[in-house]
Amino acid sequence: MAKKQFDDDLLTGSSIKGADDKKASKEQKKALKAKKVKEKNDAKRAEIKKEMDALKEKKSSTDNAAEIEALDKKIKALSAKYSAVGSDAGVSIAPRTKKIITSVICVVLVVALLVTYVATGAVRKGFVSSLNLPAKCFTGLTVTNGEQKAKVKVATYNFYFASQYNTLKNTKSQYEQYGLDAKEMGLDVDFEKPLSKQTYTDSETNETMTWAEHMHDLTVDAIENTYTYYLAAVAANDGEEPEITEDQKTELEETVTSYTETANKNGYTLSGYLTLAMGNGVTEEVFRTESTRQYIASNYQSDLSSGLGGAEYTDEQINAYKDEHLAELQTVDLKVFECESEDDAVAFKNALNDDGSNFAELCTEYATTDFNKRAYADESYSTEIGVTRATLQNKGYAISSAAEHTHEEGEEHSEDEELEYPGLDWVFSTDRQAGDVYQYSTSVVYVINPVSLTDRKTVNVRHILISPITDEDDTTAATDATEEQWTTAHETATKILAEWSEGEKTADSFGKLATQYTADTGSASTGGLYENVITGQMVNPFSVWCFDASRNAGDTAIVRSDFGYHIMYFVGENDQTVWQYSAQQALASTDGTAAIEDLEEEYTVKENWFGSRYFEKDVDIDS
């Protein structure tokens, strides 16, 4: 840019990019992405599943131990890849920049030196940049809804860019660790080379840009998303910044302490270390401020969601939803087993007694791992209680898969295309009766209770999870533990239940033990409590125990699942049936989505041309 034009922009304030045009283009991109993402993910999953099935069939036809081990590794890698398809990388929700008051002298000094550095391209690496002054003083982005306005400093942009950069870098590393092709997962980037020298192609829109531009878009999106919820949280709190939780305060202090120790060991102050790691202007103050605001924004989004989830709806509204979505609310009770091959499934079905009495026995016979041979001896392992069509479809059984179909040459899969699910159609047909048996591909199904609108009530339950301790790292699955390790876990669970029985024997005393012992981080802070549990929500043995018709408040037991031993405590039933609660949550979800969309549309982001010259968006940020 010519010097005169630069000065004119600076003096007149016309330094904002054509934000409206950019926003329109951005909206079109998002719409196109939303339209294409589902069909692409469906196609990818179908391809991966087909490959997995082929490997499983190959595995079942060989006795070579080395070949079986190699096939297992490939199947495991494909399984991880299948799970990753369509998962959204979590975008951290965070800040609204605290107003930074700078002296006129500071601003004049910086402006006096800027023209030279902008003209020579030495903006980020020059003398002024090394002082962190541009990052601290200049606004890079503005997020506003017309009434509220947050001026996002360059330092804040650098903080978010570094976060996005390191997230992608670590994600790629994890893919490679699991033997997955990072390129196929959308990470065709070399973090050892300048991002501006590498091309990125959006898989949904086919738009081509540099990786530096793509990273910039991700960073701006993250900031806009974060500030939207942060500003809304401040507005909802009468203009005051809400407090974060005590746990969050502790977590932040522990993080700062850890970073300080690392910085000092390497001869840096914390601020100096953060600047090196995250970019100019990212000092301890910025780190604390932005981390706090991330918590605030996240808390507000969570509160918004839970508040809507707890909204009350009239019986008339719930019944109206039932009438429109009956097929989605109806459930079935089944015994299901997934065999290694279709031949095994046929043999399993042929050997099954008419009353299904030997189902568990056949499961252990056709199970292929030592763990499953022991686990499936318990009938609850193969029992699906009160599952909806959608829940069963998400379980991954062959019976839940779509029928194979083809497209004409040049014809692509459409989101509106009706897929056929013959297995699910059979299961949820009104013609089904208790005792019906069906074999579909590698699945064998025995009907316990045919399709109906269940009158089961939602339940509240506490549990303490005791996972077997293995000799490996924390990522080792409990299913890979030895029988001795499982025995030790059961002994531990038995001792804890005995400790409770020798005490007050109340829900509160159980909760205290859960907080102390449970391996379930999701419920540790609530004393192992899960409220409004619905059928099909938990793993089979857990769910079967909870929804046993004979269950009474205060009942306890030890139940085994793939995750370990669950010490159970039944709190009691609630007033709503499973289908009523599901209908209420669906209504709340619809309303919540609309509220969140309205909120996100309310706030917009604009990029300041002048401040954006100092964004660090093509540097090798250290992990």
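Presented here is an overview of the structure given in this document. (Residues numbered from 1 in each chain as written. Predicted model: local features only at pLDDT ≥ 70, side-chain atom pairs only at ≥ 80, totals over all residues. Heavy atoms only, no water.)

### Here we look at the sheet that holds strand 2 (residues 149-153)
The 3 strands are arranged 2-1-13 in an open sheet whose pairing can be described as antiparallel. Either end of the sheet is taken by a strand with one partner, and the two such strands are strand 2 and strand 13 (604-607). Within the sheet, the average angular offset between the axes of one strand and its neighbour, ignoring direction, is 20 degrees. In this sheet, strand 13 lies alongside strand 1 (residues 139-144) in antiparallel orientation, the contact comprising 4 bridges. Of the residues in strand 13, the one forming a bridge with Thr 142 is Lys 606. Sheet strands in contact with helix 8 (residues 211-236) are strand 1, strand 2 and strand 13, and its direction is about 45 degrees off that of strand 1. (Pairing = 2+ DSSP bridges. Helix = DSSP H or I, 4+ residues; strand = E, 2+ residues; numbered from the N terminus. Axes fitted to C-alpha atoms, helices over the stretch in contact; angles between N-to-C directions. Contact = heavy atoms within 4.5 Å.)

### So, the environment of Glu 491
Considering the arrangement of structural elements, one finds Glu 491 in helix 19 (residues 483-501). Distance from Glu 491 to Tyr 565, taken between C-alpha atoms, is 9.9 Å for residues 74 residues apart in sequence.

### Things to note about the nonpolar core
Ranked by internal contacts, the top residues of the largest apolar core, which has 59 residues, are Leu 141, Leu 195, Trp 211 and Met 278. Residues Phe 359, Ala 367, Trp 486 and Phe 510 belong to the second largest nonpolar core, which totals 32 residues. (Core = buried A, V, L, I, M, F, W, Y, C linked by side-chain atoms within 4.5 Å. Buried < 20%, exposed > 50% of the residue type's maximum accessible area, 1.4 Å probe, protein only.)

### Side note on the sheet that holds strand 11 (residues 556-561)
Across the sheet, 4 strands lie side by side as 10-9-12-11; this open sheet has antiparallel pairing. What marks the edges here is a single partner per strand, and that holds for strand 10 (529-533) and strand 11. When strand polarity is set aside, the average angle formed by the axes of neighbouring strands in this sheet is 35 degrees. Of the strand pairs in this sheet, strand 9 (residues 457-466) and strand 10 are connected by 3 bridges, and their pairing is antiparallel.

### Some points on the packing of helix 14 (residues 342-351) against helix 15 (residues 359-366)
Where helix 14 contacts helix 15, the two axes come as close as 10 Å, and the packing angle between them is 155 degrees. With respect to their mutual orientation, helix 14 and helix 15 come out roughly antiparallel. Pair helix 14 / helix 15 crosses with right-handed handedness. Every residue of helix 15 that contacts helix 14 at Asp 344, Ala 347, Phe 348 and Ala 351 is listed here: Phe 359, Leu 362, Cys 363 and Tyr 366. (Parallel < 35°, antiparallel > 145°, perpendicular 65-115°, else oblique. Left-handed = near helix turned anticlockwise from the far one by under 90°.)

### Describing the state of the cysteines
Enumeration according to the criterion identifies 0 disulfides in this entry. The cysteine Cys 363 is free of any disulfide, with Cys 339 supplying the nearest cysteine sulfur at 7.9 Å. (Disulfide = S-S within 2.5 Å.)

### Quick notes on the pattern of salt bridges
Applying the stated rule across the entire model yields 14 salt bridges. The closest approach of N and O atoms between Lys 395 and Glu 384, which form a salt bridge, is 3.4 Å. Taken as a pair, Lys 395 in the loop between helix 17 (389-394) and helix 18 (422-427) and Glu 384 in strand 6 (residues 383-387) lie far apart in primary sequence, 11 residues in all. Residue Lys 395 is classed as partly exposed on the basis of its relative accessible area, which comes to 32%. Using a relative accessible area of 1% as the deciding quantity, one classes Glu 384 as buried. A salt bridge links Arg 551 to Asp 555, with the nearest nitrogen and oxygen atoms 3.2 Å apart. Among the residues examined, Arg 551 registers a relative accessible area of 18% and is labelled buried. Through salt bridges with shared partners, one network takes in Glu 243, Glu 246 and Lys 249. (Salt bridge = Lys/Arg side-chain N within 4 Å of Asp/Glu carboxyl O.)

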